[in-house]
Amino acid sequence: MNVEKIIVIGSGISGLTTALTLQLLGYETVIYTDKEADQISNKNAHAEFASLFPSASVIPHSLYSGQLKELFRTSQSFFYELRNQSFSGLRIHRHFEIFELEQDEPRYSNWMVNFRPITELSPQVIPRRSCSQNLYGWTFNCIFADWPRYFPALTACYKQSGGNITRRKVKTEDLPALPADTIVNCSGTGSRELFDDPLDEQLVMQGHLLHKPEAPLITNSSDEIISYNYTPKASAYSSSSGEACDVYCYPRRDGWVLGGSRETGYLSSPNTMECSKKHAESYQIGGLTIPTAILDINKDILQTTFGHSLSPSDKLHPLIGYRYLRSKEDGLRLDHETMYGKTVYHNYGHGGAGVTLSWGCALALASRITSKNKPQLQKLLLKEFEHIT
Ligand SMILES: Cc1cc2nc3c(=O)[nH]c(=O)nc-3n(C[C@H](O)[C@H](O)[C@H](O)COP(=O)(O)OP(=O)(O)OC[C@H]3O[C@@H](n4cnc5c(N)ncnc54)[C@H](O)[C@@H]3O)c2cc1C
């Protein structure tokens, strides 16, 4: 039998998940990639390679797409299925989104499991600062991908199922001679150089992180793991345009991931973002400039609510990565075009939700490539996973 060959460009979460999906559905796939996550020791030298940085919660934050609902729900249900199969690194968190100013419920409130406004909870369980007064927000269960476990497990799964990862930077002039009729473009910000992008706007959103290694899991009295996003008043922490900005904490097995920032700008070179203003107050940590709020506000919340300590003198690893938004209107590109007699499927521009949407986007593309519907594909895939995990 002749097996159709498919080339996937990029080995971030989009490339890996799409290639694995197609490989398990019977295609012969190869990933061409100029960088591989497990070969990179200094992540801060590759801020544009977004899959080095995700927190990685399965929540539709910082993403703009008309297809969001469908993609998210498919992705979320697939993550839950994988979790039921005990796939490495997938956990469920009780997540809080807390605000010091009143907020409308998010569009995704109906999509999340056990979504509840915090008015239904006892105040002691709600993440707060020592000076917090009225708080607003909600809580829900979310899938969390413990990145140092999940991403390598996914890579191993891909290789085990016969997938091939080849180190190679693809250039535009290489495209006509690539040895496959179907190409899947998951090259993230690399897409701007490789293909004509129909959007002029090419926005990225910077994200500052601090990793505190060896910190304990944060749990509540029911032993649920807790994570949070907390938005104080703009006077305590704001973006350069004056909008209130959130901080967050996601506990992983290897410590806490503390964030964050959401400053938008443009990539002037692959690894440099042009941004109008900088955060006013900052610490110098490990040679990088980190907004003080990430440390100070998280420290206050962690101490006040959970009795955990955080201090500038702790071992803290700073990271700065870019979420590739493209646009704040409809930034996700999930379409296809014909060029040089090949069909090129695009899968990029996932902003702050590339992990979140990874299965949704992979299944959407697989459905177009195979002409099978998504529930059918999802069933087939899960059967394959049963064999390899
Ligand atoms: C601080 C931060 C926090 C985040 N938190 C979350 C979160 O909690 N949840 C969530 O869902 N998402 C989160 N994200 C977003 C998520 O990390 C990204 O959406 C996702 O990693 C994008 O993956 P990708 O595979 O599309 O692109 P990338 O990870 O950027 O991968 C692109 C790949 O293409 C390759 N490539 C590029 N050009 C070429 C070329 N010419 N030839 C060959 N290969 C090429 C690169 O080497 C790389 O392998 C976060 C991002 C940041 C920065």
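This text follows the structure it describes.
Quick caveat: nothing in here was measured; it's all calculated off a predicted structure.

## Topic: the sheet that holds strand β2 (residues 28-33)
Part 1 of the reasoning: Pairing is mixed in the open sheet, where six strands are placed in the order β6-β2-β1-β7-β18-β17. Each edge of the open sheet is held by one strand with a lone partner, namely β6 (164-167) and β17 (336-339). Going across the sheet, the axis of each strand differs from the next one's by a mean of 25°, ignoring polarity.
Part 2 of the reasoning: Across four bridges, the pairing between β17 and strand β18 (residues 342-346) is antiparallel. Residue pairing in the sheet places E337 in a bridge with V344 of β18.
Part 3 of the reasoning: Helix α3 (residues 147-160) contacts β2 and β6 of the sheet and is inclined by roughly 105° relative to β6.

## Structural notes on the site of the ligand
Part 1 of the reasoning: Near the ligand, the surroundings consist of 39 residues, among which S14, D34, S51, V170 and T356 are the closest.
Part 2 of the reasoning: A distance of 3.0 Å separates an oxygen atom of the ligand from a polar atom in the backbone of S11.
Part 3 of the reasoning: Measuring from an oxygen atom of the ligand, one finds a backbone N or O atom of E48 at 3.5 Å.
Part 4 of the reasoning: Coverage of the ligand by the protein amounts to 95% of the 1000 Å² it exposes when considered alone.
Part 5 of the reasoning: Broken down by element, the shell around the ligand gets its largest block of residues, three residues, from strand β16 (residues 317-326).
Part 6 of the reasoning: Each residue belonging to the shell around the ligand can be placed in one class, and the counts come to 15 nonpolar, 18 polar and six charged.

## Regarding the pattern of salt bridges
Part 1 of the reasoning: One pass over the structure, following the stated rule, counts 14 salt bridges.
Part 2 of the reasoning: Taken together, the shared-partner salt bridges connect R333, D335 and E337 into one network.

## Some remarks on the pairing of β16
Part 1 of the reasoning: The buried count for β16 comes to nine of 10 residues, which makes it a mostly enclosed element.
Part 2 of the reasoning: Sheet analysis places strand β8 (residues 203-213) next to β16, joined by nine bridges and oriented antiparallel. Each bridged residue has a counterpart across the sheet, and for L203 the counterpart in β16 is R326.

## Some points on the pairing of strand β7 (residues 182-185)
Part 1 of the reasoning: Neither face of β7 is open: one carries T182 and V184, the other I183 and N185, and all of them are buried.
Part 2 of the reasoning: Two strands pair when backbone bridges link them, and β7 and β18 are joined in this way by four bridges, in the parallel orientation. Bridge assignment links N185 to a residue of β18, and that residue is H346.

## Quick look at the packing of aromatic side chains
Part 1 of the reasoning: Under the criterion given, the structure shown has 17 aromatic pairs.
Part 2 of the reasoning: Ring plane angle 85° and centroid distance 5.9 Å describe the contact between F87 and F385, whose orientation is recorded as edge-to-face. Residue F87 is found in the loop between α2 (68-84) and β3 (90-99), and its partner F385 is found in helix α7 (residues 374-388); the two are separated by 298 residues along the sequence.
Part 3 of the reasoning: Exposure remark for F87: the relative accessible area of 6% places this residue in the buried category.
Part 4 of the reasoning: You can call F385 buried: its relative accessible area is 0%.
Part 5 of the reasoning: Seen from their ring centres, Y324 and Y348 are 6.0 Å apart, and the 10° between their planes marks the pair as stacked. Of this pair, Y324 sits in strand β16 while Y348 sits in the loop between β18 and α6 (358-370); the two residues are 24 residues apart in sequence, bridging distant segments of the chain. The same class applies to Y324 and to Y348, which are both buried.
Part 6 of the reasoning: Grouped by ring-pair contacts, the aromatic residues F78, F79, F87, W147, Y150, F151, W359 and F385 constitute a single cluster.

What counts, and where the lines are drawn
- Residue positions are given per chain, counted from 1 along the sequence in the order it is written.
- Only residues with pLDDT of 70 or above have their local features reported here, since the model is predicted, and side-chain atom pairs are shown and tallied only from 80 upward, although totals for entire chains, interfaces and linings are computed over all residues.
- Side-chain metrics rest on all non-hydrogen atoms present in the structure, leaving aside hydrogens and water.
- At least two DSSP bridges between two strands are needed for those strands to be called paired.
- A run of DSSP states H or I qualifies as a helix once it reaches four residues; a run of E qualifies as a strand once it reaches two. Both are numbered from the N-terminal end.
- With axes taken as lines fitted to C-alpha atoms, and helix axes fitted only over the stretch in contact, angles between N-to-C directions fall between 0 and 180 degrees.
- Every residue pair with non-hydrogen atoms within 4.5 Å of one another is taken to be in contact.
- In this text, near means that some heavy atom of the residue lies within 4 Å of the molecule or strand in question.
- Any pair of N or O atoms that falls within 3.5 Å is considered a polar contact. Within protein, one atom must be able to donate a hydrogen and the other to accept it, and sequence-neighbouring residues count only if both atoms are side-chain atoms.
- Each accessible area value is a Shrake-Rupley result obtained with a 1.4 Å probe; residue values ignore everything except the protein chains displayed when judging cover.
- When residues are sorted by character, Ala, Val, Leu, Ile, Met, Phe, Trp, Tyr, Cys and Pro go into the nonpolar class, Asp, Glu, Lys and Arg into the charged class, and all the rest, Gly among them, into the polar class.
- We define a salt bridge as a side-chain nitrogen of Lys or Arg found within 4 Å of a carboxyl oxygen belonging to Asp or Glu.
- Exposure categories follow from relative accessible area, calculated using a 1.4 Å probe and restricted to protein chains: below 20% of the type maximum is buried, above 50% is exposed, and the middle band is partly exposed.
- Only the six-membered ring of Trp is used, alongside the rings of Phe and Tyr, when aromatic pairs are assigned; centres must lie within 6.5 Å, and planes under 30 degrees apart are stacked while those over 60 apart are edge-to-face, with the rest tilted.

The values are spatial; any link to function lies outside them.
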